[in-house]
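Examining the three-dimensional arrangement
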Amino acid sequence: GDSLARIASRHGVTPTALLQVNGMTAGSLILPGQTVSLPSGARLSTPNAGSSPAPAAGSPIGIVVSYAMAQQGKPYQFFTAGPDTFDCSGLTKAAYAQIGVSLIHQSASQARQGRAVDFVNEPIKAGDLIFLITRNNEVINHVGMAINSTQWIHAPAPGQPVRVGPIPSRTIIVAVRRFV
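Conventions adopted
Residues numbered from 1 in each chain as written. Predicted model: local features only at pLDDT ≥ 70, side-chain atom pairs only at ≥ 80, totals over all residues. Heavy atoms only, no water. Salt bridge = Lys/Arg side-chain N within 4 Å of Asp/Glu carboxyl O. Helix = DSSP H or I, 4+ residues; strand = E, 2+ residues; numbered from the N terminus. Buried < 20%, exposed > 50% of the residue type's maximum accessible area, 1.4 Å probe, protein only. Phe/Tyr/Trp six-rings, centres within 6.5 Å; stacked < 30°, edge-to-face > 60°. Contact = heavy atoms within 4.5 Å. Pairing = 2+ DSSP bridges.

Side note on the pattern of salt bridges
Scanning all chains against the criterion turns up 3 salt bridges. Close ionic contact of Arg-178 with Glu-122 constitutes a salt bridge, the shortest N to O distance being 2.9 Å. Here Glu-122 lies in the loop between strand 1 (115-116) and strand 2 (129-132) and Arg-178 lies in strand 6 (residues 173-178), a separation of 56 residues in the sequence. The class for Glu-122 is partly exposed, based on a relative accessible area of 24%. Between Arg-178 and Asp-128 there is a salt bridge, and its shortest N-O distance comes to 2.7 Å. Of the two residues, Arg-178 is situated in strand 6 and Asp-128 in the loop between strand 1 and strand 2; the sequence distance between them amounts to 50 residues. Judged by its relative accessible area of 1%, Asp-128 is buried. Each of Arg-115, Glu-122, Asp-128 and Arg-178 takes part in salt bridges that share partners, so that together they form one network.

Right, dumping it as structure tokens:
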């Protein structure tokens, strides 16, 4: 789930310098478990450095995130909101329903609810909904929920269960909304 650009950004180096030190090109793939060398002057950090702490278990956001996390491994099914299957907006809708927040069951509509977060200048926090355009049609069509400032949980697509992964690159995020 990581990318060379994300690794370069995390360590304060340019993608070009990272490519050069590893003998790679812009089209190179990185694979799970692969070792990537850092150029001299790189800032050392871990993948979760600077991530926000987990929300308190009994807090509203703690309840929302805990519910979403408990759905890991459940299958994706279009236009479902649990309890046995979820699509992306169904997962976020069901999670926020746990604290009485009513969301529309459609990602583009959810992107107009809550409060906009200036995710370029403000940290993403647990419970924030993160919106993407995953097809080339300029319409928001995917949503997931931040579980901290570096990871999210989402129902990706048919054949892929609800799962946790790194928050996508800020270059493909089109909106972040906060509800609590």
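Looking at the packing of aromatic side chains
This model, assessed by the stated rule, comprises 2 aromatic pairs. Both rings, one in Phe-78 and one in Phe-79, keep their centres 6.2 Å apart while their planes meet at 40 degrees; by these two values the pair is tilted. Note on Phe-78: relative accessible area 64%, which makes it exposed. Ring plane angle 50 degrees and centroid distance 5.1 Å describe the contact between Tyr-96 and Phe-179, whose orientation is recorded as tilted. On the criterion of sequence distance, the pair formed by Tyr-96 in helix 4 (residues 88-97) and Phe-179 in the segment after strand 6 is long-range, its members being 83 residues apart. On the accessibility criterion, Phe-179 (17% relative accessible area) is buried.

Overview of unusual backbone geometry
Here the bond from Gly-82 into Pro-83 is cis, since omega is 5 degrees, no more than 30 degrees from zero. Relative to the helices and strands, Pro-83 is located in the loop between helix 3 (60-70) and helix 4. Of note, Phe-79 is a non-glycine position whose phi angle comes to about 55 degrees, a positive value. Here Phe-79 shows up in the loop between helix 3 and helix 4.

A closer look at helix 4
Every α-helical turn comprises 3.6 residues, leaving residues that sit three or four positions apart pointing alike. For helix 4, the buried fraction is high: 8 of the 10 residues fall into the buried class. Among all positions of helix 4, only Cys-88, Ser-89, Gly-90, Leu-91, Thr-92, Ala-94, Ala-95 and Tyr-96 are buried. In this structure, the buried side of helix 4 is in contact with helix 3, helix 5 (107-110), strand 2, strand 3 (142-146) and strand 4 (151-154).

So, the pairing of strand 4
Look at any regular strand and the pattern is simple: side chains alternate between the two faces of the sheet. Relative to strand 4, strand 3 is paired through 2 bridges, and the arrangement is antiparallel. For Ala-146, the partnering residue across the bridge sits in strand 4 and is Trp-152. In sequence, strand 3 turns back onto strand 4 through a hairpin of 4 residues. The pairing of strand 4 with strand 5 (residues 163-166) spans 4 bridges and is classified as antiparallel. Opposite His-154, over in strand 5, you have Arg-163 as the bridge partner.

Worth remembering: the numbers are spatial, not functional.
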